[in-house]
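Residues per chain are reported as follows:
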2 protein chains.
Amino acid sequence: MPPLNRGRIVAAAIDLIEREGADAVSMRRIAADLEVGVMSLYNHVPNKSALLDAVSETILSEVEFTDDPAAPWTGRVRMQARAFRQIAHTHPRSTMVVVSRQLKSAAGMLPVERALSTLREAGFGEREAVQIFRVFIAYVIGSLLREVGVTPTFAPVHGAIRADDVDPELFPEIGALAPHLSACDHEAEFDFGLDLLIEAIAGRLAQRTT
Amino acid sequence: MPPLNRGRIVAAAIDLIEREGADAVSMRRIAADLEVGVMSLYNHVPNKSALLDAVSETILSEVEFTDDPAAPWTGRVRMQARAFRQIAHTHPRSTMVVVSRQLKSAAGMLPVERALSTLREAGFGEREAVQIFRVFIAYVIGSLLREVGVTPTFAPVHGAIRADDVDPELFPEIGALAPHLSACDHEAEFDFGLDLLIEAIAGRLAQRTT
DNA sequence: CCTCCCGTACGTACGCTGTACGTCTCGACA
DNA sequence: TGTCGAGACGTACAGCGTACGTACGGGAGG
């Protein structure tokens, strides 16, 4: 057994989250998985919050942001948004941990920097670029949370809404659309909204330069 | 002191969340606020999870969805989205609780029903209406979470990012745009993206009917 | 009026949590 | 060989959700 270190602790935490969900994470569980005393963890990690920060940072730094500065900006922001969505694939149950922690580190700011520079190079003004960036962030994070089931009320996916569950008198549309509401191709849905947004923003840019 | 009942417990929970945040919620704290033994709560609420469901439902049912069926659909979806965003104003620290709980009750499905019927009446197809609905939900929830500070990494608002905090070599855009990144008129930002989305969707509708 | 019964309030207790603190062991170096 | 520091670990404490047992108070039936 290799000596205990920060990397092994973070890896064990990510593994535990993916196996049993974020609620199952406790210092005792992680220590048990590593066959180590609980307090030994505190030699490498100051506290649980910092450990979750490290989890978030590690996952974020694994995202592959391959950006071609020569490509048109529309394709670049599409690629960046899709890269970010990969988190929901590679670490679905850690997604909420990643997006809910404030990271002032390089891993957290790199995606922001890339997105902003793409928008600035596309020709958007300072304030405009930030506004558009925020719109994309809102959409991407909202989509991720639906995909991983954090906001299930308005994302009735895994058979949660069935046609005979709802009163068709009170909720005729939900009843009628139940088949479409219960099925969800996350990638297609994500791309649908993403293209819609890009198209709208491209429209604004074109309209302004004329 | 009136007798203990479910309504008083839920009200105390909401009050506690708004005063000290969702992490401060515990059955013991709520009982103490009500000057009541801990286990007395369980005569009216089966467990903590059900209590949080009740909190979510109560807040959701307070949202005023005033919908004018005669108005154009663009205005109707704008009004519905804005009404939903009111949650962030009336109960900011409860927002995450509301959006993260699956409600199969009427309070949870009413907004869904309204939005879907609006889109259907606007002329969108079944699958299309659901897709568009999901895009709006993603954007609205993502915006709410940024506004209430649940996803702070990509929403550097309250002075979290200051120009001298970032290395301008590594993050030139963040440094240059720091003033715009630290300030955020949530209502204006929300409406900006909302109008962008509505405009894009209206374009799809017009393009299809021609 | 007396009695019984049930809903409500409450105390105790168990297993869980994060982590502060003290101790012990072991390898490196003077 | 003696010393020292770092890391592993045990114990302990306050707080958590809640299962269980108990006590009380008011309405229903005799």
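It should be noted that the structure appears before, not after, this text.
Residues numbered from 1 in each chain as written. Chains lettered and ligands numbered in written order. Predicted model: local features only at pLDDT ≥ 70, side-chain atom pairs only at ≥ 80, totals over all residues. Heavy atoms only, no water.

(A) View of the protein's contact with DNA strand D. Every one of the 17 residues lining DNA strand D counts as a neighbour, but Met39(A), Ser40(A), His44(A), Met27(B) and Arg28(B) are closest to it. For DNA strand D, the backbone makes up 42% of the atoms found within 4 Å of the protein, where backbone means sugar plus phosphate. Here a phosphate oxygen of DNA strand D sits 3.0 Å away from a polar atom, N or O, in the side chain of Tyr42(B). For the surface near DNA strand D, the residue count by class is eight nonpolar, six polar and three charged. (Near = heavy atom within 4 Å. Polar contact = N/O pair within 3.5 Å; in protein donor to acceptor, adjacent residues only side chain to side chain. Nonpolar A, V, L, I, M, F, W, Y, C, P; charged D, E, K, R; others polar.)

(B) Local environment of the layout of surface pockets. Taken as a whole, the largest pocket holds about 1600 Å³ of empty space. Contributing to the lining of the largest pocket are 37 residues, with Asp23(A), Met96(A), Ser100(A), Asp23(B) and Met96(B) lying nearest its centre. Residue assignment for the lining of the largest pocket shows that the elements contributing at least two residues are helix 3 (48–62) and helix 5 (95–99) of chain A together with helix 3 (48–62) and helix 5 (95–99) of chain B. Residue classes in the lining of the largest pocket are distributed as 18 nonpolar, nine polar and 10 charged. (1 Å grid on protein atoms, 1.4 Å probe; cavity = no way out; pocket = protein on both sides within 12 Å on 5 of 7 lines; lining within 4 Å. Points joined across faces, edges and corners; volume = space filled by probe spheres on them. Helix = DSSP H or I, 4+ residues; strand = E, 2+ residues; numbered from the N terminus.)

(C) Quick peek at the protein's contact with DNA strand C. If you check the shell around DNA strand C, you find 17 residues, and the closest are Ser26(A), Arg28(A), Met39(B), Ser40(B) and His44(B). Among the atoms of DNA strand C close to the protein, meaning within 4 Å, 47% are from sugar or phosphate groups. Separating a phosphate oxygen of DNA strand C from a backbone N or O atom of Met27(A) is a distance of 2.9 Å. One of the backbone nitrogen or oxygen atoms of Gly37(B) is found 3.1 Å away from a phosphate oxygen of DNA strand C. Classifying every residue of the surface near DNA strand C gives eight nonpolar, six polar and three charged.

(D) Representation of the nonpolar core within the structure. Formed by 140 residues in total, the largest nonpolar core has its most connected members in Ile30(A), Phe124(A), Ile30(B) and Phe124(B). Filtering out sequence-adjacent residues up to four positions away, Ile30(B) remains in contact with Ile9(B), Ala12(B), Ala13(B), Leu16(B), Val25(B), Leu41(B) and Leu51(B). (Core = buried A, V, L, I, M, F, W, Y, C linked by side-chain atoms within 4.5 Å. Buried < 20%, exposed > 50% of the residue type's maximum accessible area, 1.4 Å probe, protein only. Contact = heavy atoms within 4.5 Å.)

(E) Structural context of the pattern of salt bridges. Considering all chains together, one arrives at 30 salt bridges over all chains under this definition. Taking the shortest distance from any N to any O, the salt bridge between Arg101(A) and Asp53(A) comes out at 3.0 Å. Of this pair, Arg101(A) sits in the loop between helix 5 and helix 6 (106–122) while Asp53(A) sits in helix 3, placing them 48 residues apart in sequence. Since its relative accessible area comes to 24%, Asp53(A) is described here as partly exposed. Across the pair Arg29(B) and Asp33(B) runs a salt bridge, and its minimum N-O distance is 3.7 Å. You can see Arg29(B) and its partner Asp33(B) sitting in helix 2 (residues 27–33), four residues apart, about one turn around the helix. According to the relative accessible area criterion, Asp33(B) is partly exposed, its value standing at 34%. When salt bridges that share partners are traced, they join Asp15(A), Arg19(A), Glu20(A), Arg29(A) and Asp33(A) into one network. (Salt bridge = Lys/Arg side-chain N within 4 Å of Asp/Glu carboxyl O.)

(F) Seen up close, the relation of the copies chain B and chain A. Mapping chain B onto chain A calls for a rotation angle of 180° and an axial translation of 0.0 Å; the resulting RMSD is 0.0 Å. Taken together, the rotation angle and the small translation identify this as a two-fold axis. A share of 100% of interface residues in chain B that are also interface residues in chain A marks the association as one of identical surfaces. (Least-squares fit on C-alpha atoms with pLDDT ≥ 70 in both.)

(G) Molecular detail of the packing of helix 1 (residues 6–20) of chain A against helix 3 of chain A. Residue and element names in this part refer to chain A. Following both chains from N to C, one finds helix 1 and helix 3 inclined at 80°, their axes separated by 9 Å at the closest point. Taken together, the axis directions place helix 1 and helix 3 in an arrangement best described as roughly perpendicular. Contact with helix 1, carried on its side by Arg-6, Ile-9, Val-10, Ala-13, Ile-14 and Ile-17, involves Leu-51, Ala-54, Val-55, Thr-58 and Ile-59 of helix 3 and no other residues of that element. (Axes fitted to C-alpha atoms, helices over the stretch in contact; angles between N-to-C directions. Parallel < 35°, antiparallel > 145°, perpendicular 65-115°, else oblique.)

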